[in-house]
Amino acid sequence: MAKLYQTLFLILSISYFFSLELTAASPAGASNKAVNFIQSSCKTTTYPNVCFRSLSAYANAIQTSPQRLAETALAVTLSRVQSTKLFVSRLTRFKTLKKREVEAVKDCVEEINDTIERLTKSVQEMKLCASAKNQEQFAFHMSNAQTWTSAALTDENTCSDGFSGRFMDGRIKNSVRARIVNMGQETSNALSLINAYGKKY
């Protein structure tokens with residue numbers, strides 16, 4: 001099942017990036033109007049610096065579109081989650097890990113898989129928002145996108161909690177929690193931008 005979600009994630013992400021031609025470019029190469037739009041939009045999020053740092057590279061694709069801003073934030077978050085899953089999964093190869101540490105790592109990977117599933121569903125709902133024929137359809141799919149993204153945040157918090165015990169190796173705990181925290185910040189920002197997009201329809 002995990003492999004199915006991973007494959008689905010890759011297909012959706014690739015198709016999304018190609019459809020929007022998300023070619024990373026430095027903010028200096030983008031219009032001031034686009035960069036200013038991203039910066040002002042990010043100020044409404046919980047982690048504005050993280051938001052601007054992760055999204056400003058895509059200013060040329062986003063321009064001043066709340067829709068593309070929200071979609072890009074979601075795509076960047078999915079990429080972050082996938083990267084975190086790969087990092088955490090590799091920890092099980094360490095032979096020095098204790099049994100409880102291995103269990104915590106495996107539990108975290110499962111939570112991250114759930115996060116990937118929920119964010120992938122959010123991506124699908126956002127695509128349906130873009131093709132909605134009326135306000136009612138838009139509101140329905142927007143609500144679903146918000147729900148799935150919010151649920152993804154819960155999964156990430158659960159994973160982080162599993163690494164809070166004293167039994168965990170300090171270096172492993174710190175490195176994993178740092179990535180989980182960053183993943184949570186990206187997800188929180190994506191949710192904020194999705195909400196903002198929903199209000200502008």
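Residues numbered from 1 in each chain as written. Predicted model: local features only at pLDDT ≥ 70, side-chain atom pairs only at ≥ 80, totals over all residues. Heavy atoms only, no water.

**Section: the overall build of the protein**
For clarity, the threshold we go by: Each helix is a run of H or I in the DSSP string that is no shorter than four residues. Each strand is a run of E no shorter than two, and both are numbered from the N terminus. Only protein chains enter the area calculation, which uses a 1.4 Å probe; residues under 20% of their type maximum are buried, those over 50% are exposed, and those in between are partly exposed.
A tally of helices and strands in the protein yields eight helices and zero strands. Its helices and strands in sequence order give the protein the pattern α-α-α-α-α-α-α-α, from N to C terminus. Within the protein, the fraction of its 201 residues that count as buried is 46%.

**Regarding the confidence of the model for the protein**
Threshold: What pLDDT expresses is the predictor's confidence in each residue, scored from 0 to 100. Contacts are residue-level and defined by heavy atoms, with any inter-residue pair within 4.5 Å sufficient.
With 80% of its residues at a pLDDT of 70 or more, the protein shows a mean pLDDT of 83. Mean pLDDT across the elements of the protein ranges from a minimum in helix H1 (residues 2-20), with 41, to a maximum in helix H3 (residues 48-55), with 97. Note that pLDDT drops below 50 for residues 1-26; the model gives that stretch 40 contacts with residues more than four away or on any other chain.

**A look at the packing of helix H5 (residues 66-90) against helix H8 (residues 170-200)**
Test applied: The axes used here are C-alpha line fits, helices contributing only the stretch in contact, and every angle between their N-to-C directions lies in the interval 0 to 180 degrees. Convention used here: angles under 35 degrees read as roughly parallel, angles over 145 as roughly antiparallel, angles from 65 to 115 as roughly perpendicular, and any remaining angle as oblique. Crossing chirality is assigned from the near helix's rotation relative to the far helix, an anticlockwise turn below a right angle marking it left-handed and a clockwise turn marking it right-handed. Residue polarity follows a fixed list, in which Ala, Val, Leu, Ile, Met, Phe, Trp, Tyr, Cys and Pro are nonpolar, Asp, Glu, Lys and Arg are charged, and the others, Gly among them, are polar.
Contact pair H5 / H8: the axes reach a minimum separation of 9 Å and the direction vectors enclose 160°. The angle between H5 and H8 places the two elements in the roughly antiparallel class. Between H5 and H8 lies a crossing of left-handed hand. Looking at the contact of H5 with H8, its residues break down into 16 nonpolar, six polar and four charged.

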